[in-house]
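# Analysis of the macromolecular model
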Amino acid sequence: MADLRKKRVITAALCGSWPTRDMNPAVPYTPEEIAEEAYRCWKAGAAIVHIHVREPDGTPSIRYELYEETIQRIRAHKDCDVCLNITSSGTVDGVDEDRIDPIRRLLPELASYDAGTLNWQNRTIFENHPRFLEKLGHALQEVNVKPEIEVFDAGMIYNTIYYMKTGVLKAPCHYQFVLGCAGGMTSTVENLVHLKSILPEGSTWAACGISSGHLPIMMATIAMGGHLRVGLEDNLYLDRGVLAKSNVDLVERAVKLLKLNNLEPATPDEAREIYGLTRKVF
Ligand code: ZN
């Protein structure tokens, strides 16, 4: 296997729950569109795709059938071994069981684990009750799906340290810092350095900055040895005033930046090795 120190994992976050086609017409909504973006992003160099689903009109959803069709369509590409990451937070008001059910039944390699509650975009509460986090942590261990711990604020890392002590999470963990959401930490290099400095030893980490923080956080993450997340969930633009035409544009730019730094995008199997994932291609 190639020297993994020269490899960085790119995750493509294809649509999230927040952006709409009014903001960028390229945001995929249907299972078919999301699966196609996933396949194209894998071809462009993404090792992992992070999946949310939408109702046909774009409303954020956690309906099982939509996840199922999306995952089946991705897995139908027999040449594609991309790692799957299903969100556990597709809507802000989901019932605990409905948030966990698609992960339990569809068995991705990773599932997001938002390690705390926050005021979301100054509009609502993004609730991750301790009861839910305990349930989700145990459920993921039962089905051998690795939590991708999403961190919007430093306190969330300390929550995960508590959960490692109580057996809800199993070390070493993988962290995804999301900087620049209103209600969480802003996308500054100082914040990124601080978050990295308080990670438990042996953790792996990736980072993304939302919107205008996207490029600066990506550059800093490359310099600091972290892995990358790109995609329309986080950032709709390729340049000032220029919308990305698809998620692929954003993956291609990340690949270019890695190469400029004498690095290479990790393949899905390399990403499995780096993050400690159990291969699940069906
Ligand atoms: Zn997400």
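Bear in mind the structure is a predicted one, so any value in this text is a computation, not a measurement.

### Regarding the overall build of the protein
Counting its secondary structure elements, the protein contains 9 helices and 16 strands. Its C-alpha atoms give the protein a radius of gyration of 17 Å, within 12% of the compact-globule value 19 Å for 282 residues. If one aligns the C-alpha atoms of the protein with their principal axes, the spans along those axes are about 40 × 40 × 40 Å. In the protein, 73% of the contacts between residues at least 6 apart in sequence involve partners at least 24 apart. When the accessible surface of the protein is split by element, carbon and sulfur atoms take 52% of a total near 12,000 Å². Charged side chains in the protein number 31 positive and 37 negative. The centres of these two groups are separated by 4 Å.

### Points about helix α9 (residues 268–275)
The α-helix advances 3.6 residues per turn, and as a result positions three or four apart in sequence lie on the same side. Within α9, 6 of the 8 residues are buried, which leaves it mostly tucked inside the rest of the structure. All of the buried residues in α9 are P268, E270, A271, R272, I274 and Y275. Positioned one or two residues after α9, G276 has a phi angle of 75°, which is positive.

### What to know about the nonpolar core
Ranked by internal contacts, the top residues of the largest apolar core, which has 83 residues, are I51, Y113, Y175 and F177. When sequence neighbours within four positions are dropped, the list of residues in contact with I51 reads L14, I34, Y67, T70, I71, I74, N85, I86 and T87. Counting residues in each nonpolar core, the second largest holds 11 residues, with A47, A266, I274 and L277 among its members.

### Some details on the packing of aromatic side chains
In total, this model carries 6 aromatic pairs according to the counting rule given. Ring geometry for Y39 versus W42: centroids 5.6 Å apart, planes at 35°, classification tilted. One end of the pair, Y39, and the other, W42, are both in helix α1 (residues 31–44), 3 residues apart, so they sit about a helical turn from each other. For the pair formed by Y39 and W42, the shared burial category is buried. Connected via pairs of aromatic rings, a cluster forms that spans W120, F126 and F152. The residue whose ring lies beneath R99 is F132, and the NZ or CZ to ring-centre distance is 3.9 Å. Between R105 and the ring centre of Y64, over which it is positioned, the NZ or CZ distance is 3.6 Å.

### Looking at the state of the cysteines
According to the stated counting rule, one finds 0 disulfides in the structure shown. Here C41 stays free of any disulfide, with the sulfur of C80 as its closest cysteine sulfur at 10 Å. Of all cysteine sulfurs in the structure, the one in C181 sits closest to C208, which takes part in no disulfide; the separation is 7.7 Å.

### Considerations on the pattern of salt bridges
Within this structure, the stated rule accounts for 17 salt bridges. With a closest N to O distance of 2.9 Å, E55 and R63 form a salt bridge. Between D269 and R272 there is a salt bridge; the shortest N-O distance is 2.8 Å. Placement of the pair is D269 and R272 together in helix α9, with a separation of 3 residues, close to one helical turn. What makes R272 buried here is its relative accessible area of 5%. Among the ionic contacts, a cluster of salt bridges with common partners joins E109, D269, R272 and R279.

### Topic: the packing of helix α7 (residues 214–224) against helix α8 (residues 247–260)
Running from N to C, α7 and α8 point in directions that differ by 35°, and their axes come no closer than 11 Å. α8 is crossed by α7, and the crossing has right-handed handedness. In this structure, α7 uses H214, L215, M218, M219 and I222 to contact α8, whose residues at the interface are R253, A254, L257 and L258. Tallied by class, residues from the contact of α7 with α8 come to 7 nonpolar, 1 polar and 1 charged.

The rules behind these values
Residues numbered from 1 in each chain as written. Predicted model: local features only at pLDDT ≥ 70, side-chain atom pairs only at ≥ 80, totals over all residues. Heavy atoms only, no water. Helix = DSSP H or I, 4+ residues; strand = E, 2+ residues; numbered from the N terminus. Rg over C-alpha atoms; globule rule 2.2 N^0.38 Å. Contact = heavy atoms within 4.5 Å. Areas by Shrake-Rupley, 256 points an atom, 1.4 Å probe, with all protein chains shown as cover. Lys, Arg positive; Asp, Glu negative; His and termini not counted. Charge placed at Lys NZ, Arg CZ, Asp CG, Glu CD. Buried < 20%, exposed > 50% of the residue type's maximum accessible area, 1.4 Å probe, protein only. Core = buried A, V, L, I, M, F, W, Y, C linked by side-chain atoms within 4.5 Å. Phe/Tyr/Trp six-rings, centres within 6.5 Å; stacked < 30°, edge-to-face > 60°. Lys NZ or Arg CZ within 6 Å of the ring centre and 35° of its normal. Disulfide = S-S within 2.5 Å. Salt bridge = Lys/Arg side-chain N within 4 Å of Asp/Glu carboxyl O. Axes fitted to C-alpha atoms, helices over the stretch in contact; angles between N-to-C directions. Left-handed = near helix turned anticlockwise from the far one by under 90°. Nonpolar A, V, L, I, M, F, W, Y, C, P; charged D, E, K, R; others polar.

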